[in-house]
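Structural description and commentary
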Amino acid sequence: MQLKLSASQFPFPPLLLIAPFFLWGTAMVAMKGVIPHTTPLFMAGVRLIPAGMLILIAAAFMGKPQPKGWAAWLWIALFALIDGTLFQGFLAEGLVRTSAGLGSVMIDSQPLAVALLSLWLFQEHIGFWGWLGLGLGVIGISLIGLPDEWILNFLDSGANITIGNWQDLFASGEWLMLLAALSMAVGTVLIRFVCRYADPVTATGWHMILGGLPLWGISSVVESQQWENLGGSDLVALSYATVFGSAIAYGLFFYFASSGSLTSLSSLTFLTPVFALLFGNLFLSEVLSQLQWVGVFLTLISIYLINQREILAGQNDTVTVGEIANIQQPILEASAQKLNPITLAVRESELENLPQLVKGDWRDGAK
């Protein structure tokens, strides 16, 4: 059973939807030179706490309500723990223990986890084209982030990877990037539950502050010389990453995530390494290889397939039986009522082309 709808998946301009991933990609470029001059947990806190304050200030000017009640604060606290403390902590520690390419592949594979969670919790339709797009997206970001030698050796050796290779792989920090990806995926899904009790903009601001405070607390105990080696250019890069790469990017992302398809929105995460690679080429003179250009192409194709999966499947703007359950009860009750019969005057000649059963029914109504 399907119900036709005229609304699109997201009531937002396409360029605005892409903005968070553009800002995240360019922020990664800005942060490349800062990482050697500071400590990971301190840097993660810098990306969260000042950005959260900016979001709350903006929310106050916009007239957004503050969270009220224990339920709202408990959901925000859980949101802060998973998407703030755990995600940024795993990400920061993983960046200093793994290569940037492999780390970006693992962190940007989180749309797969979001798709599975959305399918389980919200019964979001993915379908053949959606799964194909997710698969192409993972292949695309792998071609972008992994060294060409790895890919060529993998193709030549026929995936001859031993257990010892995997142990070396995860011992170098990739497991932290995987945990970061899972934390971000769970955080993306959690915003739906948080928004039942709090405004998405103010909830995003508070979760960044509450999630950043433990990072600074741990940093003050286990790290040293967090800011002594930072120069003027480092402060500019940190400011850009905080204001644009965190405050604006996260505010937009979780506002969009509070409605619409989580699978479609999360698939745009595949754009983050694309923007990072393109702007790295523009500002840092990083050269893209042929495999990386193929990865960029596959990534763009994957995003198109995921966001147009219902049109490609011939099911444009439909909802399933599970989604119909969310329609308001008065509408269901009205639709359940028996319809009154309608009497129509039909000419005898018009009935000759109808099937016999229908013809007989219409004859009774025409009498």
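Rules of the game
- Residues numbered from 1 in each chain as written.
- Predicted model: local features only at pLDDT ≥ 70, side-chain atom pairs only at ≥ 80, totals over all residues.
- Heavy atoms only, no water.
- Helix = DSSP H or I, 4+ residues; strand = E, 2+ residues; numbered from the N terminus.
- Buried < 20%, exposed > 50% of the residue type's maximum accessible area, 1.4 Å probe, protein only.
- Contact = heavy atoms within 4.5 Å.
- Areas by Shrake-Rupley, 256 points an atom, 1.4 Å probe, with all protein chains shown as cover.
- Phe/Tyr/Trp six-rings, centres within 6.5 Å; stacked < 30°, edge-to-face > 60°.
- Polar contact = N/O pair within 3.5 Å; in protein donor to acceptor, adjacent residues only side chain to side chain.
- Lys, Arg positive; Asp, Glu negative; His and termini not counted.
- Salt bridge = Lys/Arg side-chain N within 4 Å of Asp/Glu carboxyl O.
- Expected span 1.5 Å × (residues − 1).
- Bend = angle between axes of the 7 residues up to and from the residue.
- Core = buried A, V, L, I, M, F, W, Y, C linked by side-chain atoms within 4.5 Å.
- Axes fitted to C-alpha atoms, helices over the stretch in contact; angles between N-to-C directions.
- Parallel < 35°, antiparallel > 145°, perpendicular 65-115°, else oblique.
- Left-handed = near helix turned anticlockwise from the far one by under 90°.
- Nonpolar A, V, L, I, M, F, W, Y, C, P; charged D, E, K, R; others polar.
- pLDDT = per-residue confidence, 0-100.
- Patch = residues over 30% accessible without salt bridge, like charges linked within 9 Å, V, L, I, M, F, W, Y side chains within 5 Å.

Concerning the overall build of the protein
- When its secondary structure is counted, the protein shows 17 helices and two strands.
- Per-residue burial over the protein gives 45% buried out of 367 residues.
- Taking the contacts inside the protein whose residues are at least 6 apart along the sequence as the reference set, 88% of them involve residues at least 24 apart.
- Of the roughly 19200 Å² of accessible surface on the protein, 67% is carried by carbon and sulfur atoms.

Here's the deal with the packing of aromatic side chains
- In this structure the tally under the stated criterion is 13 aromatic pairs.
- On the numbers, 6.1 Å between centres and 20 degrees between planes, the contact of F42 with W216 is stacked. Here F42, found in helix α2 (residues 40-61), pairs with W216, found in helix α9 (residues 200-222); they are 174 residues apart in sequence, far enough to count as distant.
- The class of F42 is buried, set by a relative accessible area of 14%.
- The class of W216 is partly exposed, set by a relative accessible area of 31%.

Considering the side chain of D83
- Relative to the helices and strands, D83 is located in helix α3 (residues 70-95).
- Separated by 2.9 Å, the side chains of D83 and H207 make a polar contact.
- In contact with D83, other than residues within four places in its own chain, are Q88, S183, M184, G187, H207, Y250 and F254.

Details of unusual backbone geometry
- For Q225, which is not glycine, the phi torsion reads 55 degrees and is therefore positive.
- By the secondary structure assignment, Q225 is in the loop between α9 and α10 (232-257).

A look at the side chain of D234
- Residue position: D234 is located in helix α10.
- Although D234 is buried, it forms no salt bridge, and the closest oppositely charged side chain is R47 at an N-O distance of 14 Å.
- In terms of polar contacts, D234 uses its side chain to reach the backbone amide nitrogen of G231, at 3.0 Å.
- The contact partners of D234, leaving out residues within four places of it in the chain, are G33, V34, H37 and N229.

Concerning α3
- For α3, built from 26 residues, the straight-helix expectation of 38 Å at 1.5 Å per residue is met to within 8% by its first-to-last C-alpha distance of 36 Å.
- Roughly 30 degrees is the biggest bend found in α3, and it falls at A80.

Focus: the environment of L112
- Topologically, L112 is positioned in helix α5 (residues 110-122).
- Linking L112 and W131, residues 19 residues apart in sequence, is a C-alpha distance of 8.8 Å.
- Once you skip the residues sitting within four places of it in the chain, L112 turns out to touch L134 and V138.

Examining the nonpolar core
- Counting residues in each nonpolar core, the largest one holds 51 residues, and the members touching the most others are F21, W24, L265 and L268.
- In terms of residues, this core owes the most to one element, helix α8 (residues 163-194), which gives nine residues.
- Once residues lying within four places of it in the same chain are set aside, the contact partners of F21 are F253, L265, L268, T269, L271, T272 and F275.
- Membership of the second largest hydrophobic core comes to ten residues, among which are M31, F42, V46 and A237.

Section: the packing of α3 against α9
- Contact geometry of α3 with α9 gives a least axis separation of 7 Å together with a crossing angle of 55 degrees. Here α3 is positioned oblique relative to α9, judged by the angle of their axes. At the point where α3 passes α9, the crossing takes the right-handed sense. Facing α3, whose interface residues are W73, I76, F79, A80, D83, G84, T85, Q88 and G89, α9 presents A203, W206, H207, L210, G211, P214 and L215.
- When grouped by side-chain class, the residues that make up the contact of α3 with α9 number nine nonpolar, six polar and one charged.

Examining the confidence of the model for the protein
- The pLDDT averaged across the protein works out to 74; a share of 69% of its residues lies at or above 70.
- Per-element averaging of pLDDT across the protein places strand β1 (residues 3-4) at the bottom with 34 and α9 at the top with 94.
- Taken as a whole, residues 1-10 scores under 50 in pLDDT and shows 33 contacts with residues more than four places along the chain or in a different chain.
- Contacts from residues 316-339, a stretch scored under 50 in pLDDT, to residues over four places away or in other chains number 28 contacts.

Digging into a nonpolar patch on the surface
- There is a patch of nonpolar side chains on the surface, built from L54, I57, F61, V243, F244 and I248 and spanning about 560 Å² of accessible area.
- For the nonpolar patch, the secondary-structure elements that each account for two or more residues are α2 and α10.
- As for its placement among the helices and strands, V243 is situated in helix α10.

Quick word on the environment of K64
- Summarising the element assignment, K64 is placed in the loop between α2 and α3.
- By relative accessible area, K64 is classed as partly exposed at 24%.
- With 137 residues separating them in the primary sequence, K64 and V201 have C-alpha atoms 7.5 Å apart.
- Once residues lying within four places of it in the same chain are set aside, the contact partners of K64 are A59, D199, V201 and T202.

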